[in-house]
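The lines below spell out each chain.
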Amino acid sequence: GHPAPLSLAEGESLDLSEDEPPARRRKRAPVENTPEEWRRHRLAIKEAFPQGWSPPRKLSREAMDGLRAMHIYDKRTFSTPVLAEKFKISPEAVRRILRSKWEPSREQRARFAERERR
């Protein structure tokens, strides 16, 4: 099969220079959430919000879009706590807005805008 490994004791010089970049490490595959972890998360959320999620102050669609744009522009300057303070909402609300991927259709946007005008 395989050739015998080289021995360092035989006097051959071994080049240890770092001319080549180090090999890239692979990222670990994401660990799947188990049913037990899901159950614990549900219980923690129910404990944190017994009546369900109902923020005391709600933002308009335009304000949410602005919040997302600010965060995308500079994540360090416009971090979650900073945005929560600027928009006077909880950090949890900011986290949920930033995480959300839902976009209303054109008709829904028009309906929302009409509702806000009233």
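What this report covers is the structure whose coordinates are included nearby.

How each quantity is defined
Residues numbered from 1 in each chain as written. Predicted model: local features only at pLDDT ≥ 70, side-chain atom pairs only at ≥ 80, totals over all residues. Heavy atoms only, no water. Core = buried A, V, L, I, M, F, W, Y, C linked by side-chain atoms within 4.5 Å. Buried < 20%, exposed > 50% of the residue type's maximum accessible area, 1.4 Å probe, protein only. Helix = DSSP H or I, 4+ residues; strand = E, 2+ residues; numbered from the N terminus. Contact = heavy atoms within 4.5 Å. Phe/Tyr/Trp six-rings, centres within 6.5 Å; stacked < 30°, edge-to-face > 60°. Lys NZ or Arg CZ within 6 Å of the ring centre and 35° of its normal. Salt bridge = Lys/Arg side-chain N within 4 Å of Asp/Glu carboxyl O.

## Quick notes on the nonpolar core
Then, number 1: Formed by L59, A63, M64, L67, F78, L83, A84, F87, I89, A93, V94 and I97, the largest nonpolar core amounts to twelve residues.
Then, number 2: Mapped onto this core, the elements with two or more residues apiece are helix 2 (61-73), helix 3 (80-87) and helix 4 (91-99).
Then, number 3: Residues within four places of F78 in sequence aside, it is in contact with M70, H71, Y73, L83 and K86.

## Some remarks on the packing of aromatic side chains
Then, number 1: Counted by the stated rule, this structure contains one aromatic pair.
Then, number 2: Arranged with centres 6.4 Å apart and planes meeting at 55 degrees, the rings of W102 and F112 form a pair that is tilted. Here the residue W102 occupies a position in the loop between helix 4 and helix 5 (106-117), and F112 occupies one in helix 5, the gap between them amounting to ten residues.
Then, number 3: Judged by its relative accessible area of 40%, W102 falls in the partly exposed class.
Then, number 4: Positioned over the ring face of F49 is R96, at 5.5 Å from the centre of the ring.

## Side note on the pattern of salt bridges
Then, number 1: According to the stated counting rule, one finds eight salt bridges in the structure shown.
Then, number 2: E92 is the salt-bridge partner of R95, the closest N and O atoms lying 2.7 Å from each other. Placement of both R95 and E92 in helix 4 is noted, with a separation of three residues, approximately one turn of the helix.
Then, number 3: Overall, R95 belongs to the partly exposed group, its relative accessible area being 34%.
Then, number 4: Close ionic contact of E92 with R96 constitutes a salt bridge, the shortest N to O distance being 2.8 Å. Residue E92 and its partner R96 are located together in helix 4, separated by four residues, close to a single helical turn.

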